[in-house]
Amino acid sequence: MGGDGHAVDRDRIGCIDDLQPEEEGVATTYGADIQPLFRAKDIKCMSAHVSLNDPQYMCDPAGDGTFPDHANARLVYSRLTDPDSPMPPDGPWPPNQIATYQSWMTDGFQP
Ligand code: HEM
């Protein structure tokens, strides 16, 4: 029975019973979605300070005096989105890459 009380002609609509609730989105992961965003020059330039190509470093859940958890990943995010001196210095990431990084954080910093 449709919301307005009219009978729903299931045969005419066909696969209405096959409709499943929308599949849960696939979580953003460091390995598949974040690591490929870092260029060789980013990794090389930052290797002494920030291990951009190391999943263990980037997914480390430990906090520090500045960030309550995932201090390494959040420090990187803070510089990717720094309005005054963003990283990389040769030009900030486009909004879609920032959004991917944000969804990685929202999805729990999956490796
Ligand atoms: C997506 C790429 C990059 C990310 C995410 C990134 C991230 C960061 C972060 C988090 C810091 C602060 C480190 C700390 O406080 O210990 C930093 C500093 C720095 N980065 Fe990068 N970096 C990137 C690319 C680059 C590249 C390509 C260069 C060189 C051409 C570079 C040069 C520097 C320098 C000289 C500093 C120290 C001065 C400052 O803090 O502004 N970075 N970067």
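All of the points below concern the structure found in this document. (Residues numbered from 1 in each chain as written. Predicted model: local features only at pLDDT ≥ 70, side-chain atom pairs only at ≥ 80, totals over all residues. Heavy atoms only, no water.)

Moving on: the pattern of salt bridges. Counted by the stated rule, this structure contains five salt bridges. In this structure, Asp90 engages Arg39 in a salt bridge whose closest nitrogen and oxygen atoms are separated by 2.9 Å. With a gap of 51 residues between them, Asp90 in the loop between helix 5 (71-80) and helix 6 (95-106) and Arg39 in the loop between helix 2 (30-34) and helix 3 (40-46) connect regions that are remote in the sequence. Residue classification places Arg39 among the partly exposed positions, given a relative accessible area of 33%. Measuring nitrogen to oxygen at the nearest pair gives 2.9 Å for the salt bridge that ties Arg74 to Asp69. For Asp69, a relative accessible area of 23% corresponds to the partly exposed category. Linked through salt bridges whose partners overlap, the residues forming this network are Arg39, Lys41, Asp42 and Asp90. (Salt bridge = Lys/Arg side-chain N within 4 Å of Asp/Glu carboxyl O. Helix = DSSP H or I, 4+ residues; strand = E, 2+ residues; numbered from the N terminus. Buried < 20%, exposed > 50% of the residue type's maximum accessible area, 1.4 Å probe, protein only.)

Taken together, 16 residues lie around the ligand, and Asp42, Cys45, Met46, Arg79 and Met87 are the ones closest in. Between the ligand and the protein, one listed contact pairs an oxygen atom with a side-chain N or O atom of Arg79 at 2.8 Å. Secondary-structure elements contributing two or more residues to the shell around the ligand are helix 3 and helix 5. Class assignment of the residues belonging to the shell around the ligand gives a composition of 12 nonpolar, no polar and four charged. (Near = heavy atom within 4 Å. Polar contact = N/O pair within 3.5 Å; in protein donor to acceptor, adjacent residues only side chain to side chain. Nonpolar A, V, L, I, M, F, W, Y, C, P; charged D, E, K, R; others polar.)

Note that Ala32 resides in helix 2. Distance from Ala32 to Gln110, taken between C-alpha atoms, is 9.9 Å for residues 78 residues apart in sequence.

Before going further, it helps to examine the coordination of the iron atom of the ligand. For a metal with four tetrahedral donors the ideal donor-metal-donor angle is 109.5 degrees, while six octahedral donors give ideal angles of 90 or 180 degrees. Here the iron atom of the ligand is held by the protein donor atoms Met46 (SD) and Met87 (SD), which lie 2.4 Å from it. Seen from the iron atom of the ligand, its six donor atoms lie at angles of 85 to 179 degrees, and the figure they make is octahedral. One end of the pair, Met46, is in helix 3; the other, Met87, is in the loop between helix 5 and helix 6, with 41 residues separating them in the sequence. What makes Met46 partly exposed here is its relative accessible area of 24%. (Donors = N, O, S within 2.8 Å, 3.2 Å for Na, K, Ca; no water. Tetrahedral: all angles 85-135°; square planar, octahedral: opposite > 155°, others 65-115°.)

Read these as spatial facts, not as claims about activity.
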